[in-house]
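Spelled out from the first residue to the last, the chains are:
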Amino acid sequence: MSNQAVQQLKQGKMLFASTMTFIVVVVLSGILFPDQLFNVGVSTMNYLTDKFGWIYMAGSFAYVMVMFFFAFSKYGNIRFGSDDSRPEFSTFSWIAMLFSAGMGTVMLYWGVAEPVYHYMNPLETTGIAAQTPAAAEFAMKQSFIHQGIQAWAAFSVVGLILGYLMYRKGESGLISNILLPWGRDKANGGWGKLINLVCVFGAIAGISTSLGQTGLSLSISSSYLIGTPDGPLTKIILVGAITVITILCTTTGLEKGIKILSDYNAYLLVGLIVLVGALGPTTQMINVYFDTMGNYMNDFFTDALMLPTFAADKETSWIGGWPIYYYAWAIAWAPFVGPFIARVSKGRTVREFILGSMILPCLGIFLWVAFFGTIGLEASPEALEAAAASSKAATFIVLEDFPLGTVISIGVVIALFTCFITSMNSSTFTLSSMSEDGSLNPSNKQKVMWTIAQGAMALTLMLATKSGIDLLQSISLIFALPLMFVLFVAMISTFKMFRAEFADEKQAEEDVPAIKQAAE
């Protein structure tokens, strides 16, 4: 075995041991010292978002601009694989897996809750009165912004370079390989290990936050729909069932379990949107979609860099709690969503990958938010108040008085289940891959261990303390700060490798006449 292989093997074992230790420490600290850990985590998060919020905002904006540069430049024709390779999955299945692994659970969780909250509590400095048409427009646009292209750009940054390295250059899926342009010794040395550790810690915190929030929402939804108690036993059963299903899906491979589940999930979401559109105020919903899309694009540059300035005392809390929180959360997700979307994008061009992973999922999310958000904003005053007070139950509250509301609510619950499972699938794949030195097909043993570990971390903190999810949120946002710089390195590395590839091609073309002349 070569020194390089030995070094990578040690790194894989180190990542596995370090991350499992991290999970145990966080879980035990949450159980034994919940208040102290919560205070440290939240105070650190508040300090970082207050002092360095501009980095989160400017960085997320930069990711969008750089990704569009790659997509529409000469580099856009580079393919993830050989020049004659073709996509491994159909376009529908590919989009379904991109969507389900990314912000699917966020859309289902906040699709109604966020528009309702902003409608009832618009940002004070806008001068917009609550529960007015202006407040409704503000609420819908903010929901588009927070679940839009800036969040997806972070996933694309990681996915782009890993897809290129894995399929074009034959490298492993370790995120530390972004350092290869500076030397293999850097990628496999101390800096590479640090990058991998930050990524897996951030990924664990990010996915556990999502799993915890979705688990709480599922528990409340089952209480609303079938009257089960919203207690520990329900949460244990739900998370346990999801963990078992995830193990079954992830151990059957991408081509079977994950692909099939993602396809059915996409059919279900489309069906729910069509049903809501047919039963609700159809024309109004469509108008809201296009009108809000226009507002979103028109104000993109202003909103993308929105920061507290001369009215900081009134804006800091809101900006830190909404756009900065969303973008930081997406960055924390990037280490596990990015490698997964790279893995399912074999054969795609750089242009296809970027536009597909950044724009197409957003269009679907916007449609969901426009249709379901309109239901929320048009709900009765009592339902509005209740939905604004409970983000976890907002969707089910506003659907109570909607035609076929129970049927649609059941569909939303099933969609939450499937998005939850596909998110766990993507994180399990990434964590298993990194624990086996970037393997494109990690062992089932690793997948089972990581699935159980993630479910246990989310469930333990859900049950151990009421502040468990807030604690996980703070941890994921704290790790997002160093992860931002990892993503900046990834973009620089991508540019260096793309430029080197074109330089090699140009040199090869120049050498052809000389070779012919020498032969003659």
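Residues numbered from 1 in each chain as written. Predicted model: local features only at pLDDT ≥ 70, side-chain atom pairs only at ≥ 80, totals over all residues. Heavy atoms only, no water.

## Regarding empty space enclosed by the protein
Then, in step 1: Going through the model one piece at a time under the given rule, you end up with three cavities of 30 Å³ or more.
Then, in step 2: The wall of the largest cavity is formed by Leu162, Met166, Gly173, Pro339, Phe429, Thr430, Ser433, Met434 and Leu440.
Then, in step 3: For the lining of the largest cavity, the secondary-structure elements that each account for two or more residues are helix H7 (149–168) and helix H20 (405–435).
Then, in step 4: Looking at the lining of the largest cavity residue by residue, the classes come out as six nonpolar, three polar and no charged. (1 Å grid on protein atoms, 1.4 Å probe; cavity = no way out; pocket = protein on both sides within 12 Å on 5 of 7 lines; lining within 4 Å. Points joined across faces, edges and corners; volume = space filled by probe spheres on them. Helix = DSSP H or I, 4+ residues; strand = E, 2+ residues; numbered from the N terminus. Nonpolar A, V, L, I, M, F, W, Y, C, P; charged D, E, K, R; others polar.)

## With respect to the environment of leucine 360
Then, in step 1: Topologically, leucine 360 is positioned in helix H17 (residues 360–377).
Then, in step 2: Taking the C-alpha atoms as reference points, leucine 360 and proline 308, separated by 52 residues in sequence, lie 31 Å from one another.
Then, in step 3: In this structure, leucine 360 is in contact with Ile95 and Leu355, ignoring residues within four places of it in sequence. (Contact = heavy atoms within 4.5 Å.)

## A few points about the packing of helix H9 (residues 190–226) against helix H10 (residues 232–251)
Then, in step 1: H10 packs onto H9 with a crossing angle of 120° between their chain directions and a minimal axis gap of 9 Å. Taken together, the axes of H9 and H10 are oblique relative to one another. Relative to H10, H9 is oriented so that their crossing is right-handed. Facing Gly215, Leu216, Leu218, Ser219 and Ser222 of H9, the residues of H10 in contact are Thr234, Lys235, Leu238 and Ile242.
Then, in step 2: Residue composition of the contact of H9 with H10, by class: four nonpolar, four polar and one charged. (Axes fitted to C-alpha atoms, helices over the stretch in contact; angles between N-to-C directions. Parallel < 35°, antiparallel > 145°, perpendicular 65-115°, else oblique. Left-handed = near helix turned anticlockwise from the far one by under 90°.)

## Notes on a nonpolar patch on the surface
Then, in step 1: On the surface, a cluster of nonpolar side chains totalling about 480 Å² of accessible area is made up of Val24, Leu28, Ile31, Leu32 and Phe33.
Then, in step 2: Within the fold, valine 24 resides in helix H1 (residues 3–32).
Then, in step 3: Of the residues examined, valine 24 reaches a relative accessible area of 46% and is grouped as partly exposed. (Patch = residues over 30% accessible without salt bridge, like charges linked within 9 Å, V, L, I, M, F, W, Y side chains within 5 Å. Areas by Shrake-Rupley, 256 points an atom, 1.4 Å probe, with all protein chains shown as cover. Salt bridge = Lys/Arg side-chain N within 4 Å of Asp/Glu carboxyl O. Buried < 20%, exposed > 50% of the residue type's maximum accessible area, 1.4 Å probe, protein only.)

## Considering the layout of surface pockets
Then, in step 1: Counted as a void, the largest pocket has a volume near 650 Å³.
Then, in step 2: Met45, Gly321, Tyr325, Asp470 and Gln473 are, among the 29 residues lining the largest pocket, the residues nearest its centre.
Then, in step 3: At the level of secondary structure, the elements contributing two or more residues to the lining of the largest pocket comprise helix H2 (34–72), helix H4 (104–110), helix H5 (113–120), H9, helix H14 (312–321), helix H15 (323–343), helix H18 (381–389) and helix H22 (468–519).
Then, in step 4: For the lining of the largest pocket, the element with the highest residue contribution is H2, accounting for six residues.
Then, in step 5: A class-by-class count of the residues in the lining of the largest pocket yields 15 nonpolar, 10 polar and four charged.
Then, in step 6: Of the pockets and cavities examined, the second largest pocket occupies roughly 360 Å³.
Then, in step 7: Every residue lining the second largest pocket is counted, 18 residues in all, and those nearest its centre are Ile95, Phe99, Ala266, Val270 and Gly364.
Then, in step 8: For the lining of the second largest pocket, a count of residues per class yields 15 nonpolar, three polar and no charged.

## Some details on the nonpolar core
Then, in step 1: Membership of the largest hydrophobic core comes to 170 residues, with the highest contact counts inside it found for Tyr63, Leu108, Phe155, Leu160, Ile354, Trp368 and Phe372.
Then, in step 2: Not counting residues within four places of it along the chain, the set of residues in contact with isoleucine 354 comprises Met67, Phe70, Ala71, Leu160 and Ile359. (Core = buried A, V, L, I, M, F, W, Y, C linked by side-chain atoms within 4.5 Å.)

## As for the confidence of the model for the protein chain
Then, in step 1: Chain-level pLDDT for the protein chain is 87 on average; 92% of the residues reach the 70-or-more range.
Then, in step 2: The low-confidence segment residues 1–9, where pLDDT is below 50, has 10 contacts with residues more than four positions distant or belonging to other chains. (pLDDT = per-residue confidence, 0-100.)

## Digging into H20
Then, in step 1: Its 31 residues give H20 an end-to-end C-alpha distance of 44 Å, which sits within 8% of 45 Å, the value for a rise of 1.5 Å per residue.
Then, in step 2: Most of H20 sits out of view: 26 of its 31 residues are buried.
Then, in step 3: Positive backbone phi, approximately 60°, marks aspartate 437, located one or two places after H20. (Expected span 1.5 Å × (residues − 1).)

## As for the pattern of salt bridges
Then, in step 1: For the structure shown, the criterion picks out 11 salt bridges.
Then, in step 2: For arginine 184, the salt bridge identified is with glutamate 171, shortest N-O distance 2.8 Å. Here arginine 184, found in helix H8 (residues 184–188), pairs with glutamate 171, found in the loop between H7 and H8; they are 13 residues apart in sequence, far enough to count as distant.
Then, in step 3: Exposure remark for arginine 184: the relative accessible area of 31% places this residue in the partly exposed category.
Then, in step 4: Between glutamate 352 and arginine 348 there is a salt bridge whose closest N-O contact spans 3.5 Å.

## Describing the packing of aromatic side chains
Then, in step 1: Evaluated as defined, the whole model comprises 38 aromatic pairs.
Then, in step 2: When the centroid spacing of 5.5 Å and the interplanar angle of 40° are considered together, the rings of tyrosine 75 and phenylalanine 498 count as tilted. Residue tyrosine 75 is located in the loop between H2 and helix H3 (91–101), and its partner phenylalanine 498 is located in helix H22; the two are separated by 423 residues in the primary sequence.
Then, in step 3: A relative accessible area of 5% means that tyrosine 75 is categorised as buried.
Then, in step 4: Between phenylalanine 144 and phenylalanine 366, the ring centres sit 4.2 Å apart and the planes meet at 5°, which makes this aromatic pair stacked. Taken together, the residues span a long stretch of sequence, with phenylalanine 144 in helix H6 (residues 133–146) and phenylalanine 366 in helix H17 at a distance of 222 residues.
Then, in step 5: Sitting over the ring of tryptophan 94, arginine 348 keeps its end group 4.3 Å from the ring centre. (Phe/Tyr/Trp six-rings, centres within 6.5 Å; stacked < 30°, edge-to-face > 60°. Lys NZ or Arg CZ within 6 Å of the ring centre and 35° of its normal.)

## Here we look at the packing of H5 against H18
Then, in step 1: As a packed pair, H5 and H18 sit with axes 9 Å apart at the nearest point and diverge in direction by 110°. Between H5 and H18, the crossing angle belongs to the class labelled roughly perpendicular. Contacts from Val116, Tyr117, Tyr119 and Met120 of H5 reach H18 at Leu384, Glu385, Ala387 and Ala388.
Then, in step 2: Looking at side-chain class alone, the contact of H5 with H18 contains seven nonpolar, no polar and one charged residues.

## Brief notes about the environment of valine 412
Then, in step 1: In this structure, valine 412 sits in helix H20.
Then, in step 2: Placed 143 residues apart in sequence, valine 412 and leucine 269 show a C-alpha to C-alpha distance of 8.1 Å.
Then, in step 3: In contact with valine 412, not counting residues within four places along its chain, are Leu108, Leu272, Trp368, Phe372, Thr395 and Phe396.

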